[in-house]
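Fold and contact review
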Amino acid sequence: MLIAAGCSSDSGSDGGSSSDGAKGADSGASASASASAAPTVQAAAYKSLPESCKVLSSKTLKSLVPEAPKAGKKGTSEAGTRGSCSWSSLDNNGVKGSQFRWLNVSLLRFESDTSRGTGEAQAQKYYEQQIQDAESVAGAKNTKSQAVSGTGDVATLVRYDLKKKEGAFKQQTVVTRVENVVVTVDYNGAGLAGDKTPSADGLSKLAEQAAKEAVSAVSVANGEAAASPTPSKSASGSKSPSPSASTSKSASKSASPSKSAAKTS
């Protein structure tokens, strides 16, 4: 009887070891499978942003806002993530009236995230929202949207007229996405106190030029070579040269721009 009991006890011990080993193997396999199934997302292409008040050259600022301080007025900013800068210009000609110009450049960078998606996808969504916002500004008249070529991966110009108590404003908003960064350029002009209203076409060309230069600044801030921006002439009368060709993906048509465009002064 003692011998039988001993055999029975040994047998149970061996069986338990085998079972525990199997459980350990299953647990290890499960942990390995869980690790390999962890969600991943492609890293964002751009990791930084340029200083918002330094994205445009002195020459470009002289063309768009000739009477504005070069330093510009810095808006809400967060290093490497967001930034904005604005310039106001009033060319006072006394009894002959005045020419007013206002320019704002804003930049927003998106980081890839497993819950929100890639930085590029998030930027594209924001780009489209900016366009929709610009197209739906209250009181805007003669709103038009068109694709802009040679600027970032995709770009759209939204232009409209806005009547204010100071005068008739011609608003131009260029929204651009380059990789995971969205650049929005708001530019408007008006003839005040009886001065003539500026040409919308002339303002549009200058706004597009500023957008190209801002996109180039983003590339440089991330270690890429700068594209050569086409020099532009002043909005008050002279012809602006045609936009420069720069290497970028073809711009796609978008039916939408930004309420940031509603800011005028």
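Residues numbered from 1 in each chain as written. Predicted model: local features only at pLDDT ≥ 70, side-chain atom pairs only at ≥ 80, totals over all residues. Heavy atoms only, no water.

Section: the overall build of the protein chain
Helix and strand content of the protein chain: four helices and seven strands. Element order for the protein chain, N to C, with α for helix and β for strand: α-α-β-β-β-α-β-β-β-β-α. The long-range share in the protein chain, meaning contacts at least 24 apart out of those at least 6 apart in sequence, stands at 62%. Just so you have it, the protein chain exposes about 13800 Å², and 52% of that area is on carbon and sulfur atoms. (Helix = DSSP H or I, 4+ residues; strand = E, 2+ residues; numbered from the N terminus. Contact = heavy atoms within 4.5 Å. Areas by Shrake-Rupley, 256 points an atom, 1.4 Å probe, with all protein chains shown as cover.)

What to know about the environment of T40
Here T40 is to be found in the loop between α1 (2–36) and α2 (58–64). Separated by 72 residues in sequence, T40 and S112 place their C-alpha atoms 9.8 Å apart.

Section: the nonpolar core
Judged by nonpolar contacts, the single largest core of 32 residues is most densely connected at L56, W87, L103, V105, V183, V185 and Y187. When residues of this core are traced back to their parent elements, those giving at least two are α2, β2 (82–92), β3 (98–109), β5 (154–164), β6 (167–178), β7 (181–192) and α4 (200–221). Per element, the largest residue contribution to this core is nine residues, and it comes from α4. (Core = buried A, V, L, I, M, F, W, Y, C linked by side-chain atoms within 4.5 Å. Buried < 20%, exposed > 50% of the residue type's maximum accessible area, 1.4 Å probe, protein only.)

Remarks on the packing of aromatic side chains
Counting across every chain of the model gives two aromatic pairs. Aromatic side chains F100 and F169 sit 5.9 Å apart centroid to centroid with 75 degrees between the ring planes, which places their arrangement in the edge-to-face category. Residue F100 is located in strand β3, and its partner F169 is located in strand β6; the two are separated by 69 residues in the primary sequence. Taken as a pair, F100 and F169 share a single burial class, namely buried. Plain terms: the ring middles of F110 and Y126 are 5.6 Å apart, the flat faces sit at 55 degrees to each other, and that makes the pair tilted. (Phe/Tyr/Trp six-rings, centres within 6.5 Å; stacked < 30°, edge-to-face > 60°.)

A few points about the pattern of salt bridges
A full pass over the atoms with the stated rule returns eight salt bridges. Note that E120 and R177 form a salt bridge whose closest N and O atoms lie 3.7 Å from each other. Of the two residues, E120 sits in helix α3 (residues 119–135) while R177 sits in strand β6, which places them 57 residues apart along the sequence. Judged by its relative accessible area of 8%, R177 falls in the buried class. Across the pair D201 and R159 runs a salt bridge whose closest N-O atoms are separated by 2.7 Å. (Salt bridge = Lys/Arg side-chain N within 4 Å of Asp/Glu carboxyl O.)

A look at unusual backbone geometry
The phi angle at N142 is positive, at roughly 55 degrees, despite the residue not being glycine. In this structure, A193 takes a positive phi of about 55 degrees despite not being glycine. Within the fold, A193 resides in the loop between β7 and α4. Judged by relative accessible area, A193 falls into the exposed class, the value being 64%.

Let's talk about the sheet that holds strand β4 (residues 141–147)
Pairing within the open sheet is antiparallel, and its seven strands lie in the order β1-β2-β3-β7-β6-β5-β4. Two strands lie at the open edges of the sheet, namely β1 (73–74) and β4, each paired on one side alone. Bridging between β1 and β2 involves two bridges; their strand directions are antiparallel. Residue pairing for β2: K73 is matched across the bridge by S86. The sheet strands contacting α4 are β3, β4, β5, β6 and β7, and the helix crosses β6 at an angle near 30 degrees. (Pairing = 2+ DSSP bridges. Axes fitted to C-alpha atoms, helices over the stretch in contact; angles between N-to-C directions.)

Observations concerning α4
With 22 residues, α4 ought to run about 32 Å at 1.5 Å a step, and its terminal C-alpha atoms sit 32 Å apart, in line with that. A large share of α4 lies buried, amounting to 18 of its 22 residues. Once α4 ends, the next one or two residues include G223, with phi positive near 85 degrees. (Expected span 1.5 Å × (residues − 1).)

By themselves these figures say nothing about function.
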